[in-house]
Amino acid sequence: MICSSKGHMIEKKWEIFLCTCVYLAVALLAISDTGVQVFLLHTGIGNSRILRKIAIALLFFKVFGTRYTKKEFFLIFPIMVMALYNYRVSGNTYCIYNILTIACVKNIDFYKLFKVLFWSTLSALTIISVLSLMNIGGEVALTKEFGRDKIQTRYCFGMYHPNVWHQAVSRCVVFGVLGYRNKMKWYQFGCVFVLSYVAYLLSLSRTGLLATMLFLGFIVLYEYFPNIVKSIRTKIAIFISAMAVYGVYFYFIYDFSVNTSEISMIFNQKFTNNRMVQAVYYLRMHPASIWGQSIRDDGTVFDCGFLRMFYESGYIFGILIVAALLLLFCYSLKYNYGDYVAVILFMMLYGLFEAPTMTRPSYNILIFLMGFAFFEFTLNNRKRQDEVSVKQ
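Because the structure is a prediction, the values reported are computed rather than measured.

Quick notes on the rules
- As a convention, each chain's residues are numbered from 1 in the sequence order in which they are written.
- Only residues with pLDDT of 70 or above have their local features reported here, since the model is predicted, and side-chain atom pairs are shown and tallied only from 80 upward, although totals for entire chains, interfaces and linings are computed over all residues.
- Excluding hydrogens and water, the side-chain values take into account all heavy atoms of the structure.
- Numbering goes from the N terminus for both helices and strands, where a helix is a DSSP run of H or I of at least four residues and a strand is a run of E of at least two.
- Between buried and exposed lies partly exposed: a residue is buried under 20% and exposed over 50% of the maximum accessible area for its type, with that area taken using a 1.4 Å probe on protein chains only.
- Contacts: residue pairs with any heavy atoms within 4.5 Å of one another.
- In these tables, accessible area is a Shrake-Rupley quantity obtained with a 1.4 Å probe, and a residue counts as shielded only by the protein chains included in the view.
- Side-chain rings of Phe, Tyr and Trp (the six-membered ring for Trp) are treated as a pair once their centres are within 6.5 Å; stacked means planes under 30 degrees apart, edge-to-face means over 60, and tilted covers the remaining angles.
- Only one rule defines a salt bridge in this text: a Lys or Arg side-chain nitrogen within 4 Å of an Asp or Glu carboxyl oxygen.
- Helix axes are fitted to C-alpha atoms over the stretch in contact, other axes to C-alpha atoms as well, and angles between N-to-C directions run from 0 to 180 degrees.
- An angle below 35 degrees is treated as roughly parallel, one above 145 as roughly antiparallel, one from 65 to 115 as roughly perpendicular, and anything else as oblique.
- Under this grouping Gly is polar, as are all residues other than the nonpolar Ala, Val, Leu, Ile, Met, Phe, Trp, Tyr, Cys and Pro and the charged Asp, Glu, Lys and Arg.
- By this rule, a helix spans an expected 1.5 Å times one less than how many residues it contains.
- As a per-residue measure, pLDDT reflects the predictor's confidence and takes values from 0 up to 100.
- Count a disulfide wherever a pair of cysteine sulfur atoms falls within 2.5 Å.

## A closer look at the overall build of the protein chain
So, step 1. For the protein chain, the helix and strand inventory stands at 17 helices and 2 strands.
So, step 2. When burial is assessed residue by residue, the protein chain has 50% of its 392 residues classed as buried.
So, step 3. Counting contacts in the protein chain only where the partners sit at least 6 residues apart, residues at least 24 apart contribute 68% of the total.
So, step 4. Summed over its atoms, the accessible surface of the protein chain is roughly 19400 Å², and 66% of this surface lies on carbon and sulfur atoms.

## Some details on the packing of aromatic side chains
So, step 1. Tallied over the entire structure, the rule returns 38 aromatic pairs.
So, step 2. Both rings, one in Tyr85 and one in Trp291, keep their centres 4.9 Å apart while their planes meet at 80°; by these two values the pair is edge-to-face. Here Tyr85, found in helix H3 (residues 70–90), pairs with Trp291, found in the loop between helix H12 (275–285) and helix H13 (305–334); they are 206 residues apart in sequence, far enough to count as distant.
So, step 3. Trp291 sits in the partly exposed class, given a relative accessible area of 22%.

## Examining the pattern of salt bridges
So, step 1. On inspection of all chains with the given rule, the structure shows 5 salt bridges.
So, step 2. Across the pair Arg181 and Asp339 runs a salt bridge whose closest N-O atoms are separated by 3.7 Å. With a gap of 158 residues between them, Arg181 in the loop between helix H6 (162–180) and helix H7 (186–203) and Asp339 in helix H14 (residues 338–353) connect regions that are remote in the sequence.
So, step 3. For Arg181, a relative accessible area of 19% gives the class buried.
So, step 4. Judged by relative accessible area, which is 3%, Asp339 ranks as buried.
So, step 5. Among the salt bridges present, the one from Arg308 reaches Glu312, with a minimum N-O distance of 2.8 Å.

## A word on the packing of helix H4 (residues 94–104) against H13
So, step 1. Where H4 contacts H13, the axes come no closer than 9 Å and their chain directions differ by 40°. In this view, H4 runs oblique relative to H13, as classed from their interaxial angle. Between H4 and H13, the residues in contact are Tyr94, Cys95 and Asn98 and Met309, Ser313, Phe317 and Ile321, respectively.
So, step 2. Partitioning the contact of H4 with H13 into residue classes produces 5 nonpolar, 2 polar and no charged.

## As for H6
So, step 1. End to end, H6 covers 27 Å across 19 residues, agreeing with the expected 27 Å (1.5 Å per residue, within 8%).
So, step 2. Across the 19 residues that make up H6, a large majority, 18, are buried.

## What about the confidence of the model for the protein chain?
So, step 1. The pLDDT averaged across the protein chain works out to 83; a share of 89% of its residues lies at or above 70.
So, step 2. Per-element confidence in the protein chain is highest for helix H8 (residues 206–224), whose mean pLDDT is 93, and lowest for helix H17 (residues 381–391), whose mean pLDDT is 41.
So, step 3. For the stretch residues 377–392, pLDDT sits under 50, and the model shows 25 contacts to residues farther than four places along the chain or on other chains.

## Focus on the environment of Lys144
So, step 1. Counting through the fold element by element, Lys144 comes out in strand E1 (residues 141–145).
So, step 2. For the pair formed by Lys144 and Arg154, sequence separation is 10 residues and the distance between their alpha carbons is 8.5 Å.
So, step 3. In this view, Lys144 contacts Lys150, Ile151 and Gln152; residues no more than four positions away in its chain are not counted.

## Notes on the packing of helix H10 (residues 232–258) against H14
So, step 1. Packing of H10 against H14 leaves a shortest axis separation of 11 Å and a crossing angle of 10°. One way to sum up the angle between H10 and H14 is to call them roughly parallel. Across the interface between the two elements, Ile238, Ala242, Met243, Val245, Tyr246 and Tyr249 of H10 pack against Leu345, Met348, Gly351 and Leu352 of H14.
So, step 2. For the contact of H10 with H14, the residue count by class is 9 nonpolar, 1 polar and no charged.

## Description of the state of the cysteines
So, step 1. According to the stated counting rule, one finds 0 disulfides in the structure shown.
So, step 2. Here Cys19 stays free of any disulfide, with the sulfur of Cys21 as its closest cysteine sulfur at 9.0 Å.
So, step 3. A relative accessible area of 9% means that Cys19 is categorised as buried.

Here's what the structure looks like:
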């Protein structure tokens, strides 16, 4: 009996240690993606990926130290092998990060993970912003023509572009709300709305404003007006609307690629700020492949997150990710997981325009949610955890 108790205690401590490795890894990824890489870029020191390498080592350690069921193992292992082969062919770590993240969230506390992401992202963003105000690193603001036919002053606080700064602010909002939602009051949601609009006034990032307001709007709807969003008609309307937006978007990409009609040019200029043209021209020069590839070092680049995802991950993983996203979307709508629905819509909107949202490890919030859904966390453990939190 004593030996059994000691064995259980050792196993529990081992599980806590493995979970700590994951929290440390995601913190390092958030700090690297939000702060370190940007700072090194502006100071001319170079491009160091040491934090990412440490993070990926910690994630691998968590995977090798975790007990998986046979079903979990036979689903994860083949995809892991494919991801490693993808890296060998393309040199791109995108797929490895994604499958490692999904595999690592087993036994992870949902709220604690997003609290770690919130504080690490906010810390990196604050440090970069303060350094820019001290004339160290990047500029505080940029004054130029941003493809809108007029000169504008837009604040970026050390980031290389105002949109990138607003993305970091948006991630802080999402991570903070996901981590603390079960403790937030209505007036705190109101403060977050106001702060998000203030961020827009500084960055003038329309995509950032729309995506953040969409996320907060659905969080509030599910929190305070559940009867509206839990009806079958509303769920169908949400799904069809999201698919219609993407249908229109990809129709214009196809139309521009084949006919270059006037209406597709207007759509490109007014709604995508020439991102669609950049993507089409880039993919003509460097077509996507089955196993993916890294962005070429020839001065050309493109945004459009979902197209970039297919380019970097390849057709096989791109199709798998899209299929998983659609399943997660339907699953979230069916079981009324408002935070999942809000994040999915947030990422889908951002993914139309911005590449880092879909391609950088700590930016792609969907992957974390896919991991939790994969281990049936939302159906079992999380419900109990919510009930415990309410009682406490």
